[in-house]
Structures are given as C-alpha cells and as structure tokens.
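Coordinate analysis (summary)
Listed here are the chains, written in short residue letters.
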Protein chains: 2
Amino acid sequence: MSEMLPKSSLPFDIERPTLLLDKGRCLRNIRRMAQKAADNGVDFRPHMKTHQSADIAAWFRDAGVRAITVSSVDMAVYFANHGWDDITVAFPVNVREITKINVLAERIDLGFLVESPDVVSFLAENLVSAAGAWIKIDVGSRRTGIPWRRSQEIVDLARAVDSAGPLCLRGVLTHAGHSYQAGSLSEIRDVHRECVGRMNEVRDALSAAGFWNLSVSVGDTPTTSVVDDFEGVDEMRPGAFVFYDLKQLSIGSCDEEQIAVALACPVVAKHKERSEIVLYGGAVHLSKDSLVTREGERIFGQAARIEDDGWGPLIEGAYVTSVSQEHGILRFRSDLLEAISIGDMVAVLPVHCCLTADAMKGYVTLDGDVLSMARI
Amino acid sequence: MSEMLPKSSLPFDIERPTLLLDKGRCLRNIRRMAQKAADNGVDFRPHMKTHQSADIAAWFRDAGVRAITVSSVDMAVYFANHGWDDITVAFPVNVREITKINVLAERIDLGFLVESPDVVSFLAENLVSAAGAWIKIDVGSRRTGIPWRRSQEIVDLARAVDSAGPLCLRGVLTHAGHSYQAGSLSEIRDVHRECVGRMNEVRDALSAAGFWNLSVSVGDTPTTSVVDDFEGVDEMRPGAFVFYDLKQLSIGSCDEEQIAVALACPVVAKHKERSEIVLYGGAVHLSKDSLVTREGERIFGQAARIEDDGWGPLIEGAYVTSVSQEHGILRFRSDLLEAISIGDMVAVLPVHCCLTADAMKGYVTLDGDVLSMARI
C-alpha cells in the first residue's frame, strides 16, 4: 500500500493541514499595489492584519514600504518589535489599553482612529507621548465612524483633537467595506467614486473650519484593486490583496492566478456514492467564513490539485460544502474522484484569506520555508 | 474621564478580548455528565476537542475520568504529554501521520477510527505497535463512516481489521451530528433512539459473523445531555457539554445557567442612532460560526452584563449581528445602551464554544487564573 502515501510533489512532506504560500504571486501582488500607489502619487500604508507576519512585512519593506496599518494594539507591538516605526492602528481606540498605547507612542510614530469626543477627552488626559489621530468616517459601511453627512459633529471632534495636547490631527480615514457587497466591477468603481466624493466633502467642511492639509485615507482591497484613478485620495491601506481569496475572486477584485495562499489538506476518506471526499482541514483551519456561489450554494473553499510547483487551476464545482472542527467535506465530480486516493493531498483555496491565515498562524512557501506569524 | 476606565467588577483587569471561564459551572457540567454515565453503566470517554486544555482535563480526572477522546493526532500527543494514556482519536486515520501514530501507539493505549479497507491494509503493513480500531458508522449525519445499512461492507472491514496484526477491533462508533438539527427535545430523543437502534443492528450483524463483545460508542452533546436511557450504549464521548453555548441552548441541550464560557469584550464605540455598540471582539475571537434565531436573524453571539461574580443573564435581543476580523457589532435596545460607556466590558456568550475556545487559545477563570491550552 505504499501508493497510499504518495510523496508530495512539493519539495517537502506535508502531514497535516498546512497553509501554502506562493511567494512569487505574493510578491507580484505587493509590487503591483505599491506601483499603483506610486503611479498615483498616493501614500501606501498596507494593512498587515491579513498576513500578521514579520517575514512577509519584510517583502513590503523591499518594495519600498515604510508605513503600515494594523488592526490591534497587540499587532502594532508585534510589528514595532520587528522594526516598523510608523504604524496606524485602524481600530477605534480601546481605552483599556492606554498603558500599552503610551509605551508604543513613546517608541514609534503611532496613529489611531477616533470617533468619540469622550475618547478624545480621555486621550487628552491620559496620553503621554505625541500620537497622530485620524477621524474615522462612515461613508456607508455602517460599522464604525461618524456618518459623513454630520459635518458639524466631525468639525467639533477635530476641534477637540486639536486642543488635546499630545494629539496631532492627521486627516480623515474610512473603510468602504460595503465594496464587498458589489455585484460587478462597475459597482466597485461606483463605491469608490462615492466614497472619495464623500470623504472630500468632509475634508472641505474641515478646511472651511480652519483645518488645513488634512489627508484622506481609504482602504479596502476591492476598490484599490479595481480602480486606477485615485484623485482625491492621499493614502491607501488595503490588506487582503497580499493573498486575495475566493471572495475577492467572486467580486472581481482579482484573477485566480493572483490568489497566493491555499490550504493543503490530506484526504482521509472517500464517499463515492455521494461524490464526496473527507479532508483533514475544517473550521479551525479554513475558518467558518463562507460565500454563496452564483448557483446559490454556500461554500467554505474550492479545491485545486497540488502540482510540482504549487497548485493548479480551481477545479470546477469542487467545493468544500461543509466544515466541522477538523473535517472538511469536499464535493467532487465522480469521474475526478476516481483519481484521488486516501493519503493524497488537495489544495483548498480559502473564502477569506485573513481568517484562514489567522487560524493557521503560519505559512510554508512552495520551497518549504516556514514563515513566522504573530501569536496574538 | 476616569469613569471611562471603570475597574472591572471582576477581581482582575481585562484589557482585550478574554475568554472567561466559570469554573463552578464547568465542574458541574463535568460531574453531571460523569454521574449520568455512571448511573447508566456507560463508559465515559469525554471529547477534549472542545477545551483542548490539560488544566481542564485535570478536572475530568478529578471526576474519575481515565479515558478520553480527541480529534487529531497532534491533540493526542498533547494530552499524552500531560499524562493521559488511553486516548481515542475520533477522526479517520490520516495515513500521512503514520510516524507520529507509531510513536504514540508505543507510548499509550491508542484507538482510532477506520472506515476504509485501504487504510486497514496500510495499517496492517505500517503500524508497529498494537492499537485499538473502531469501525466508524454513519447513522445519518452523512459526514464520515460506513452507512449503517451496509452490513456486508462492515463485516468485511471487521475481518480485515481482525487479520491485521497490530489492530484490535474494539467496536463500532458513531457521531449522530444530525442531532444538532433537531427542533425539539423529543426530536433529540428520536435521533438518539434511532441512532442506538441502528448501531445495535450493526453490532448484531457483526455478532452473527463471529465478532463478539464489541462495544457501541456514541458521542454528541445534544443526545447525551437530554437522554436518560442509554440502553444499548457502552461508551459515550460528548465534548461541548463541558462549556455549552448558544447553539446548545437553542436546541434545548442545556439551560442558560450551564453555559460556562463568555468572551469579555471592551466597548470601543457607540452608535446610538442605530442602537449599536462596537466591541473589540470579532471573528478571530468568537469565530464566524452563527445561528439563526427564532425571529430569523443570523447572530454570532448574545450579550450579558459583567457582574461581580461572573456574568449576568442573557440580555434579550442583545445580539452580535455581525463580526469582522476584530470588530463585533452588538445591537442593544436603546434604553440599555444609555447605561453602557466606551471602556466598559460586555460578556458575549458564543454560538459555538469549541470554535471560540480554539480561536482564543486560553481561558481566564473568574478568579483570574489563566488556564493553558494546546497550541496546535
């Protein structure tokens, strides 16, 4: 039964669910976005929450990046410990972490988001070192931020920031997360146009109130991937573009050849009668994020073959249709199923690369190099 | 603004999302299930995948437990390293891990699941030490296992196991995961009755073929929580009962007072106009598992107040209605919202305790003790 334990065609053996990283694709994603920012004269402050890896962050540094975005104070501490000294925490200030924030603001050029006068007052009294503040604006995603129409509230908050000693107002920042609901490229472009228009109305209102030279920072992967005109934008902060995933593919932000991570999963059982194989690879590996296909089916990943130099094209209809803690159920056309044996490995492209990366806490490149990741 | 940083009413300070464990409730859950097993003369082999903690496993040992279930070889290694020497890996054998399996089978009394003649042949040739084999039966959940009706296939597999030198056939094992779809207590009892009936038909077929003294092992939390008559069952392996969660509450497996974990989340923003607060606590903390309420709403958690001795009752309608990587959006009735300030903490009871525990990788008891967890 030695054929049950095929040598992986990759240059290393994989025993258990392993997040493969195609470094070539990842570098191309990084360089393309850095180039797009440079071509448009826009500051590039990529979001590190997707990969959470100092090793991958070093590839951004090689591409000229010096300033980054993170989504928690702990993540900022991790990257500060790896030499990054200009970090925006793109999350509403968590006042309970003021001690850590003070330590960090002393060490690096720290920026964070404010949307509440109470928090600004708190920072005025409790922040020891200088830090940059961005007013978080809600341009339609309805998650965090002051709704963009409320000019007076925004101007009042700017005044509070301005009078809070250690805070320096940098600009207005948004995340147009509703771009993920777009149904077409033109809808993504519409979200971007509307977002930038609204942000510039906000900036105009602040200028009229005497706040000059404020930046506009925007940040989602769909719009920054698809749009080529960044008029009215000073800084962009996409994150997921570093890997892309099935969700981004489904909304048109990327091509299949740009997806840079795949979960290698051992096949542990076959059920021919229902055209399914059982993978060692479940919710604790892929996450439980899902998307609904055009055919109306909820899926948790899609399979590709493991090949000598990585993974092949997505196999049509080969969807992970359910996940439990460690199991994934992969539906295969029965003719393809014949070619797959227990002990083989299958690559599963994730629905949401950020959550799969966070669940896996590390990467292995196609050359077998292990990349570190924050443990937070 | 010192009122913005309220002392936690718990005897320790919490800065970031923290998984609180009510040890009293957890011990009661453990003792109740151990007692139920003892009263019924059923072997109790609890599943450790839910908590993945050697500290919590020690509480099971205090309750008389000596044999456990895990869901991966790595988890078996972790518990073997903490002194457990009778472990069933309730997952189809992953042949790629044969080296680790051999090391483990040498050290402890190891059991695993088989459902494929190819895997049994592989083990016959490659397994060095003795190990127990359970034939995995599918009684209706359609995840893994041989469908219970296929007596001949099951008998053939038993013969293959019997003739494979190092393997000792222990019995037939199932997970009636479809109990999670039950709509009422009587439906849960029906699933159990049907499951046990089918498993005993399988056992009878094996007896008729000369395989005597085989055990029947069953394992889900809904049925083992609700059923009191375990006639026809030799071993039970529930896991989630150690903590319970909103999903178990929704299907009637537990009372609210049995739920033993809650995610303590700092409040980072308030949006009165839409009756929402923004929590530091998202998909990387709670997981993205969800349930649909009776009112048809998809939710990711439900809130309770943090109180001196833990958390209070669930607040009606206070649902986490969306999660992104670090954010949770919690909808509150506006009158309750008034009482909540930025910097406060809210307890969020998880939909699925196993995935929340896996995401958090650790616990803090209400006394402030930090409990370790496997890092696998």
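Residues numbered from 1 in each chain as written. Chains lettered and ligands numbered in written order. Predicted model: local features only at pLDDT ≥ 70, side-chain atom pairs only at ≥ 80, totals over all residues. Heavy atoms only, no water.

1. Points about the relation of the copies chain A and chain B
By a simple turn and slide, chain A fits onto chain B: the slide is 0.0 Å along the axis, the RMSD is 0.0 Å, and the turn is 180°. The transformation just described matches what one would write down for a two-fold rotation axis. Rotation axis and chain A: the residue whose C-alpha lies nearest the axis is A:Lys288, separated from it by 2.7 Å. A symmetric contact is evident, with 100% of the interface residues of chain A recurring at the interface of chain B. (Least-squares fit on C-alpha atoms with pLDDT ≥ 70 in both. Contact = heavy atoms within 4.5 Å.)

2. Side note on the confidence of the model for chain A
Mean pLDDT over chain A works out to 94, with 97% of the residues at or above the 70 mark. Under the prediction, the complex receives an ipTM of 0.95, its pTM being 0.96. (pLDDT = per-residue confidence, 0-100.)

3. Things to note about the packing of aromatic side chains
Residue and element names in this part refer to chain A. This model, assessed by the stated rule, comprises 12 aromatic pairs over all chains. Ring centres of Phe-44 and Phe-60 lie 6.4 Å apart, and the angle between their planes is 45°; this geometry places the pair in the tilted category. Of this pair, Phe-44 sits in strand β2 (residues 43-44) while Phe-60 sits in helix α2 (residues 54-62), and the two are 16 residues apart along the sequence. Both residues of the pair, Phe-44 and Phe-60, count as buried. Measuring from ring centre to ring centre gives 6.0 Å for Phe-44 and Phe-241, while their planes differ by 55°; the resulting arrangement is tilted. One end of the pair, Phe-44, is in strand β2; the other, Phe-241, is in the loop between β10 (235-236) and α9 (246-251), with 197 residues separating them in the sequence. Judged by relative accessible area, Phe-241 falls into the buried class, the value being 0%. One aromatic cluster is present, built from ring pairs that chain together Phe-44, Phe-60 and Phe-241. (Phe/Tyr/Trp six-rings, centres within 6.5 Å; stacked < 30°, edge-to-face > 60°. Helix = DSSP H or I, 4+ residues; strand = E, 2+ residues; numbered from the N terminus. Buried < 20%, exposed > 50% of the residue type's maximum accessible area, 1.4 Å probe, protein only.)

4. Quick notes on the side chain of A:Gln52
By secondary structure assignment, the location of A:Gln52 is in the loop between β2 and α2. Of the residues examined, A:Gln52 reaches a relative accessible area of 1% and is grouped as buried. Those residues in contact with A:Gln52 that lie beyond four places of it in its chain are A:Met75, A:Tyr78, A:Phe79, A:Asp358, A:Met373, A:Ala374, A:Ile376 and B:Gln325.

5. Notes on the packing of helix α1 (residues 23-39) of chain A against α2(A)
Residues and elements named next belong to chain A. Running from N to C, α1 and α2 cross one another at 45°; their axes reach a closest spacing of 10 Å. It follows from the interaxial angle that α1 and α2 lie oblique. You can see that α1 and α2 cross each other, and the crossing is right-handed. In this structure, α1 contributes Lys-23, Cys-26, Leu-27 and Ile-30 to the contact, and α2 contributes Ile-56, Trp-59 and Phe-60. Here the residues of the contact of α1 with α2 sort into 6 nonpolar, no polar and 1 charged. (Axes fitted to C-alpha atoms, helices over the stretch in contact; angles between N-to-C directions. Parallel < 35°, antiparallel > 145°, perpendicular 65-115°, else oblique. Left-handed = near helix turned anticlockwise from the far one by under 90°. Nonpolar A, V, L, I, M, F, W, Y, C, P; charged D, E, K, R; others polar.)

6. What about the interface of chain A and chain B?
In this assembly, 65 residues from chain A lie in contact with 65 residues from chain B. Together, the buried faces of chain A and chain B total about 5600 Å²; carbon and sulfur atoms form 57% of this surface. Contact with chain B buries surface across chain A, with A:Arg96, A:Arg143 and A:Gln325 losing the most and accounting together for 15% of the total. On the surface where chain A and chain B come into contact, there are 10 salt bridges. The salt bridge partner of A:Lys288 is B:Asp289, with a shortest N-O separation of 3.2 Å. At the surface where chain A touches chain B, the tally comes to 19 residue pairs in polar contact (both at pLDDT 80 or more). Per-element tally for the side of chain A that touches chain B: the top contributor is helix α5 (residues 117-126) of chain A, with 5 residues. Looking at the side of chain A that touches chain B residue by residue, the classes come out as 28 nonpolar, 14 polar and 23 charged. (Buried area = accessible area lost by both parts, 1.4 Å probe. Salt bridge = Lys/Arg side-chain N within 4 Å of Asp/Glu carboxyl O. Polar contact = N/O pair within 3.5 Å; in protein donor to acceptor, adjacent residues only side chain to side chain.)

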